[in-house]
Amino acid sequence: MNDPMPSSLNSDNLNQRLTSRRWFLQECGIGLGAVALGQLLDQKAVAADALAPKQPHFPGRAKNVIQLFMGGGPSHLELFDHKPALAKFDGQLPPADLIKDYRAAFISPNSKLLGPKFKFSKHGECGAELSELLPNMAEVVDEIAIVKSMVTDAFNHAPAQIIMSTGSQQFGKPSLGAWTTYGLGCESRDLPAFVVLSSGNKGPSGGNANWGSGFLPTVYQGVSFRSTGEPVLYLSNPAGVDQQLQRDSLDVITQLNERKQQEVGDPEIATRINSFEMAYRMQSSAPELMDMSSEPQHILEMYGAEPGVPSFAMNCLLARRMIERGVRFVEMFHESWDQHGGLVKGLKQNCADTEQASAALVKDLKQRGLLDETLVIWGGEFGRTPMVQGSTDGRDHHPNAFSMWLAGGGVKGGVTLGASDDFGFNVIEDRVHVHDLHRTILHLLGFDGNQLTFPYQGLDQRLVGVEPTRIVKELLA
């Protein structure tokens, strides 16, 4: 049997003491109570205003970003990095000093060299060499900067995609899109700040971590959209629920969430409130976004997009429409570039699916006056080996040298930067690590990559890591 409550702690005294404690913590202007309460209120205010437009460290050239992530690792040797010597030594073993201490994902480093499978020619006033698979990109080659000297630290898909997206091979770090929205906020109240679209054979190997917020508040993470129908499932009200009932229900839920937020100070509650309110506003904004009736037929044809049919082309057109409506960061994954075999057939299909729309996006942004303030990034997580995988028609993963291109947002068009050796194996000129790319992107957005930080686990965390990095000034207009 429990002992009776001591007389000094009877129910009346206990209620009085609790009331006094609440008064002290809530009303007293000094001491730890005020500090704690002030912190909770600050957390709520910051979370509620997290996506408001913000000023960067200095005026940036880019205000928005569209990232075309070619998941799987496009072959630079068949697209952007012409290697006549590789064709000359097709079928021969690579030089011993070239593959010394080299580790491949699947093949033996002693596999024979595989010559390029497509022809190259020069295009534009800049004279950049492009593959015959890229006829539409040839039309905008003077608008883009091609980097032929990219390197990364990972040679398997998931870690390589994660480092390209977050600057680290470890899961749980904020993505580039999350850092961008953390730094700049959003100019749209009716659409998410950071939207993710996907096409190709499957989703990205790195999964949702590619667009996650990591240790940043989850309000900054990417929101996955579909390219046809309802962009977000279950966005419409169920039968019997009209707009007024929906609004009344949300108001009650918001009041309850705000009360809990005041009690515990959890910023994730503010994210939940924002998500509910965003979903409500998107019931009007999303149908308008997806309605292609306002797009002229020649624009649809330029992209190769067909309304109602999911495709990379439709995603590119949607990306342009999102940027026009204030979305800060749009990321498009096309996970189809992992040609361990069937290289010729696979590359032809990949380029047929994506190349026209990629070029159209650059053209369309320029003709609408949006390219100067919209940074477009194209590339995968790594390149492909000069050595063959299989009998005659495949390439393995290769992190030592690969190609990407950028356009708009303060990037100098008509530039080809860097070089790899005669076999496209190692970078020999103007090496650009993924961290250098990230720092350059942040610079174009108006941020010092070393100063855009977030306190976590006792450290000021940042996208560009702790090793020395550089701004790739050769890419800047």
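Structure first, text after, so check above.
What you are looking at is a predicted structure, and each value in this text was computed from that prediction instead of being measured.

1. Some thoughts on the overall build of the protein
Logical step 1: From N to C terminus, the protein includes 13 helices and 17 strands.
Logical step 2: Out of the 477 residues in the protein, the part that is buried amounts to 52%.
Logical step 3: The contacts in the protein between residues at least 6 apart in sequence include a share of 78% that link residues at least 24 apart.
Logical step 4: Looking at the protein as shown, the accessible area adds up to about 21,800 Å², and 51% of this sits on carbon and sulfur atoms.

2. So, unusual backbone geometry
Logical step 1: Its identity is not glycine, yet Asp 430 carries a phi of approximately 55 degrees, on the positive side.
Logical step 2: If you trace the backbone, Asp 430 turns up in the loop between β14 (427-429) and β15 (432-433).
Logical step 3: Positive phi, normally seen in glycine, also occurs at Gln 457, with a value near 55 degrees.
Logical step 4: Within the secondary structure layout, Gln 457 lies in the loop between β16 (453-456) and β17 (459-462).
Logical step 5: Look at Gln 457 and you get exposed, because its relative accessible area is 65%.

3. Let's talk about the packing of helix α6 (residues 157-166) against helix α13 (residues 434-445)
Logical step 1: Here α6 crosses α13 at 30 degrees, and the two axes come no closer than 9 Å. For the element pair α6 / α13, the angle class is roughly parallel. For the pair α6 and α13, the contacting residues are Ile 163, Met 164 and Thr 166 in the first and Val 434, Leu 437 and His 438 in the second.
Logical step 2: For the contact of α6 with α13, the per-class residue count stands at 4 nonpolar, 2 polar and no charged.

4. Here's the deal with the nonpolar core
Generally speaking, a soluble globular protein has its nonpolar side chains buried in company with each other.
Logical step 1: Grouped together as the largest cluster of nonpolar side chains are 58 residues, with contacts concentrated most on Ile 66, Leu 68, Tyr 303, Met 322, Met 332 and Trp 405.
Logical step 2: When residues no more than four places from it in sequence are discounted, the contact partners of Trp 405 are Leu 68, Phe 80, Met 137, Ile 144, Ala 145, Ile 146, Ser 358, Val 362, Val 376, Ile 377 and Trp 378.
Logical step 3: Within the second largest apolar cluster, 48 residues are counted, among which are Ala 145, Met 164, Met 404 and Phe 454.

5. Description of the side chain of Lys 148
Logical step 1: Structurally, Lys 148 is set in strand β4 (residues 144-151).
Logical step 2: Accessibility expressed as a relative area gives 15% for Lys 148, which makes it buried.
Logical step 3: When sequence neighbours within four positions are dropped, the list of residues in contact with Lys 148 reads Phe 80, Asp 81, Phe 402, Ser 403, Thr 416, Leu 417, Gly 418, Ala 419 and Ser 420.

6. A look at the pairing of strand β9 (residues 383-388)
Logical step 1: Among the 6 residues that make up β9, 6 are buried, leaving the element largely enclosed by the rest of the structure.
Logical step 2: Note: β9 against strand β10 (residues 395-398), 3 bridges, orientation antiparallel. When the sheet's bridge partners are listed, Val 388 is paired in β10 with Arg 395.
Logical step 3: As consecutive antiparallel partners, β9 and β10 are separated by 6 residues, and within that stretch Gly 390 has a phi angle of approximately 85 degrees, a positive value.

7. With respect to the side chain of Lys 83
Logical step 1: Along the chain, Lys 83 turns up in the loop between α3 (76-79) and α4 (84-88).
Logical step 2: Taking relative accessible area as the criterion, Lys 83 reaches 8% and is therefore assigned buried.
Logical step 3: Only 2.8 Å separates the side chain of Lys 83 from the backbone oxygen of Asp 421, close enough to count as a polar contact.
Logical step 4: Ignoring any residue separated from it by four or fewer positions in sequence, one finds Lys 83 in contact with Leu 77, Pro 116, Ser 420, Asp 421, Asp 422, Phe 423 and Gly 424.

8. Brief notes about the packing of aromatic side chains
The relation between two aromatic rings is expressed through the spacing of the ring centres and the mutual angle of the planes.
Logical step 1: With the rule as written, the count across this model stands at 14 aromatic pairs.
Logical step 2: Ring centres 5.7 Å apart and planes at 70 degrees place the aromatic pair Trp 179 and Tyr 182 in the edge-to-face group. One end of the pair is Trp 179 and the other is Tyr 182, both in helix α7 (residues 176-184) and 3 residues apart, which spans about a single turn. There is no split in this pair, since Trp 179 and Tyr 182 are both buried.
Logical step 3: Consider the rings of Phe 194 and Phe 329, whose centres lie 5.1 Å apart with planes at 75 degrees: the pair is edge-to-face. Taken together, the residues span a long stretch of sequence, with Phe 194 in strand β5 (residues 194-200) and Phe 329 in strand β7 (residues 329-335) at a distance of 135 residues.
Logical step 4: Judged by its relative accessible area of 1%, Phe 194 is buried.

9. Quick notes on the pattern of salt bridges
Logical step 1: Counted under the stated rule, the structure contains 17 salt bridges.
Logical step 2: With a shortest N-O distance of 2.6 Å, Arg 320 and Glu 295 are connected by a salt bridge. In this pair, Arg 320 sits in helix α11 (residues 312-324) while Glu 295 sits in the loop between α9 (267-290) and α10 (297-303), placing the two residues 25 residues apart along the sequence.
Logical step 3: Given a relative accessible area of 2%, Arg 320 falls into the buried group.

10. A closer look at α13
Logical step 1: With 12 residues, α13 ought to run about 16 Å at 1.5 Å a step, and its terminal C-alpha atoms sit 17 Å apart, in line with that.
Logical step 2: Within α13, 11 of the 12 residues are buried, which leaves it mostly tucked inside the rest of the structure.
Logical step 3: Those residues of α13 not exposed but buried are Val 434, His 435, Asp 436, Leu 437, His 438, Arg 439, Thr 440, Ile 441, Leu 442, Leu 444 and Leu 445.
Logical step 4: Gly 446, located one to two residues past α13, shows a positive phi value of around 100 degrees.

11. A short note on α6
Logical step 1: Among the 10 residues in α6, 8 count as buried, and that is most of the element.
Logical step 2: Just past α6, the residue Gly 167 takes up positive phi, approximately 85 degrees.

Calculation notes
Residues numbered from 1 in each chain as written. Predicted model: local features only at pLDDT ≥ 70, side-chain atom pairs only at ≥ 80, totals over all residues. Heavy atoms only, no water. Helix = DSSP H or I, 4+ residues; strand = E, 2+ residues; numbered from the N terminus. Buried < 20%, exposed > 50% of the residue type's maximum accessible area, 1.4 Å probe, protein only. Contact = heavy atoms within 4.5 Å. Areas by Shrake-Rupley, 256 points an atom, 1.4 Å probe, with all protein chains shown as cover. Axes fitted to C-alpha atoms, helices over the stretch in contact; angles between N-to-C directions. Parallel < 35°, antiparallel > 145°, perpendicular 65-115°, else oblique. Nonpolar A, V, L, I, M, F, W, Y, C, P; charged D, E, K, R; others polar. Core = buried A, V, L, I, M, F, W, Y, C linked by side-chain atoms within 4.5 Å. Pairing = 2+ DSSP bridges. Polar contact = N/O pair within 3.5 Å; in protein donor to acceptor, adjacent residues only side chain to side chain. Phe/Tyr/Trp six-rings, centres within 6.5 Å; stacked < 30°, edge-to-face > 60°. Salt bridge = Lys/Arg side-chain N within 4 Å of Asp/Glu carboxyl O. Expected span 1.5 Å × (residues − 1).

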